[in-house]
Amino acid sequence: MAADRKRAVRANTRLGGIVVRAGLSSVDRAFLLGGLLELARIEVGSPEYQRLREIGEKAFQAPPVEGRLRQIGKADE
């Protein structure tokens, strides 16, 4: 049971770090969940999936941004 809890905490921390890295830690929760639900509808391997994945890869390589939305991918389009 403790191992399951430890895994859950680690997963939540990882996801929270992604939200912070994207500069979304202060946005409305409903907005954030709505965006994630829209992302869940994108088919793995589709052109839109690949486009968003590339933006994410670039974001992980860039320094973290605090307090604002990331602009990675905007200039590339």
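Scroll up a little and you will see the structure.
Remember, predicted model here, so these are calculated numbers, not experimental data.

Chemist: I'd love a proper account of the overall build of the chain, names of residues and values included.
Modeler: Helices and strands together make up the secondary structure of the chain, namely 3 helices and 0 strands. Along the chain, from the amino end to the carboxyl end, the secondary structure elements read α-α-α. The burial tally for the chain puts 12% of its 77 residues in the buried class. The long-range fraction of contacts in the chain, counting pairs at least 24 apart against all pairs at least 6 apart in sequence, stands at 49%. Accessible surface for the chain amounts to roughly 6,500 Å². Of this, 59% is attributable to carbon and sulfur atoms.

Chemist: An account of helix α1 (residues 2-21) is needed here, citing residue identities and associated values.
Modeler: Taking 1.5 Å of rise per residue, 20 residues should cover 28 Å, and α1 covers 28 Å from first to last C-alpha, within 8% of that figure. Directly beyond the C-terminal end of α1, a positive phi value near 75° is found at Gly23.

Chemist: Explain the side chain of Ser46 residue by residue, including any values.
Modeler: Structurally, Ser46 can be placed in the loop between α2 (29-40) and α3 (47-61). At a separation of 2.9 Å, a polar atom in the side chain of Ser46 contacts the main-chain carbonyl oxygen of Glu43.

Chemist: Just give me the short version of the pattern of salt bridges, but keep the residues and values in it.
Modeler: Enumeration according to the criterion identifies 4 salt bridges in this entry. Here Glu38 ties to Arg41 by a salt bridge, and the two come within 2.9 Å at their closest N and O atoms. A relative accessible area of 65% means that Arg41 is categorised as exposed. Glu48 is the partner of Arg51 in a salt bridge, and the nearest nitrogen-oxygen pair spans 2.9 Å. Of this pair, Arg51 and Glu48 both sit in helix α3, separated by 3 residues, roughly a single helical turn.

Chemist: Please set out the environment of Thr13 residue by residue, giving values where relevant.
Modeler: As for its position among the elements, Thr13 is in helix α1. A polar side-chain atom of Thr13 sits 2.8 Å from the main-chain carbonyl oxygen of Val9.

Chemist: Which residues make up α2, and what are the values?
Modeler: The periodicity of an α-helix, 3.6 residues per turn, causes residues three or four positions apart to be oriented the same way. The end-to-end C-alpha distance of α2 is 16 Å, a good match for the 16 Å that 12 residues give at a rise of 1.5 Å each. Where α2 begins, the side chain of Asp28 points an oxygen toward the backbone nitrogen of Ala30, at a separation of 3.2 Å.

Chemist: Outline a nonpolar patch on the surface, listing residues and values.
Modeler: A cluster of nonpolar side chains, namely Leu33, Leu36, Leu37 and Leu39, defines an oily patch on the protein surface of about 380 Å² accessible area. With respect to the helices and strands, the residue Leu33 is situated in helix α2.

Quick notes on the rules
Residues numbered from 1 in each chain as written. Predicted model: local features only at pLDDT ≥ 70, side-chain atom pairs only at ≥ 80, totals over all residues. Heavy atoms only, no water. Helix = DSSP H or I, 4+ residues; strand = E, 2+ residues; numbered from the N terminus. Buried < 20%, exposed > 50% of the residue type's maximum accessible area, 1.4 Å probe, protein only. Contact = heavy atoms within 4.5 Å. Areas by Shrake-Rupley, 256 points an atom, 1.4 Å probe, with all protein chains shown as cover. Expected span 1.5 Å × (residues − 1). Polar contact = N/O pair within 3.5 Å; in protein donor to acceptor, adjacent residues only side chain to side chain. Salt bridge = Lys/Arg side-chain N within 4 Å of Asp/Glu carboxyl O. Patch = residues over 30% accessible without salt bridge, like charges linked within 9 Å, V, L, I, M, F, W, Y side chains within 5 Å.

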